[in-house]
Amino acid sequence: MRRRWPAGAIRFDARRKTNRRPDTFVRSLRQAADSPLRPMISHPHRCLSVHIPKAAGNSINQAFGIGWENHKDLALYRRELPADVFASYFKCTVVRNPWERLLSDYNYQIRKSRPEDSRLLVRDRDGGRRDFAEWAALALSTGDAGEPSTWGGEVSPGIHRFSPQVAWISVDGRVGVDFVARLETIDRDFERIRAKAGLAVRRLPRRNSRLHAHYAWYYDDATRDLVAARYAADVAEFGYRFEESPLRRWWRGWRAPRAADAGPTGEPVPFSGGSDA
């Protein structure tokens, strides 16, 4: 028997972890399907959003009521769009701490419900799952995430999923967007996007958000330094730094006199607040 929801009822969507009215949810799907807007570009708002992987792009798109398109860098948008449109539209993006962003991508890859071969670099030759340190070393050393079509990309030459965020939003070697929001201050920064674009929605929707321990817990010194080197441009441009988790610092200090520090693999993970947005 098909379950019927009473008018105005609230349903919990476990997959998206949001409370939605069934009628509103269905209407939003219909609007997305019938939307005359170009995906990730809102012509009525004269706005273009560069969706950097694992940096709240889905939430921004939902706020604009626009649909999905492959991840594209700003330089590719410039080649595709008429010059006057590219020059006059408000261009924005969201960036995040590169250490947390890489961990978020790892968690995303291992949790994909898609075919196994779409889980980028997760499996080793024997079919075992790589831990984060091994995965990060491979992802950042190869500098390649495979064909863009395997990870939802349509990008300029030299851009791939693990490229620095600066590379995604640069044109002719310079950052070309009008506004860079930060995931760490997204509610405040979204107010500026909303005001500039004239959006009716007042709060940014939450999409693909999962909680995990503070990102520092998953890093050993070698992986921390590897990310610092690979994303030096992001560190320089946005001022990000590696933030040690207080719980991680306490745990290492407590454990050191008792045993050799074997790193985070296999250790109990205390929750201290992180997100896979």
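Along each chain, the written sequence defines residue order, and numbers are assigned to residues from 1. Local features in a predicted model are, by the rule used here, given only for residues with pLDDT of at least 70; side-chain atom pairs are given and counted only at 80 or more, and totals for whole chains, interfaces and linings are based on all residues. Computation of side-chain values covers all heavy atoms of the structure but excludes hydrogens and water.

## Points about the sheet that holds strand β5 (residues 90–95)
- The sheet built from 4 strands is open, its strands ordered β3-β4-β5-β8 with mixed pairing. Two strands bound the open sheet, and with one partner strand each, they are β3 (41–42) and β8 (179–182).
- Two strands qualify as a pair provided DSSP detects at least 2 bridges between them. Numbering of helices and strands runs from the N terminus, with a helix taken as a DSSP run of H or I at least four residues long and a strand as a DSSP run of E at least two residues long. Bridge count for β5 against β8 is 4 bridges, and the pairing is parallel. Counterpart to Thr 93 in the pairing with β8 is Val 180.
- Pairs of residues are marked as contacts when any of their non-hydrogen atoms sit within 4.5 Å. Axis geometry follows a simple rule: fit a line to the C-alpha atoms, using only the stretch in contact for helices, then measure angles between N-to-C directions, giving values from 0 to 180 degrees. Packed on one face of the sheet, helix α8 (residues 186–197) meets β5 and β8 and runs near 150 degrees to β8.

## Side note on the nonpolar core
- Among the buried residues, those of types Ala, Val, Leu, Ile, Met, Phe, Trp, Tyr and Cys that are joined through side-chain atoms within 4.5 Å form a nonpolar core. Using a 1.4 Å probe on the protein chains alone, a residue whose accessible area is under 20% of its type maximum counts as buried, one over 50% counts as exposed, and one in between counts as partly exposed. Judged by nonpolar contacts, the single largest core of 24 residues is most densely connected at Val 50 and Tyr 77.
- At the level of elements, β4 (47–50), α3 (74–80), α4 (83–88) and α7 (165–168) are the ones that each hand at least two residues to this core.
- With near-sequence residues (within four places) excluded, Val 50 lies in contact with Lys 72, Asp 73, Leu 74, Tyr 77, Cys 92, Thr 93, Val 94, Trp 168, Ile 169 and Val 177.

## With respect to unusual backbone geometry
- The backbone phi angle of Arg 46 is positive, close to 50 degrees, even though this residue is not glycine.
- Positionally, Arg 46 belongs in the loop between β3 and β4.
- Of note, Ala 56 is a non-glycine position whose phi angle comes to about 65 degrees, a positive value.
- Relative accessible area serves as the criterion here: at 10%, Ala 56 is assigned to the buried category.

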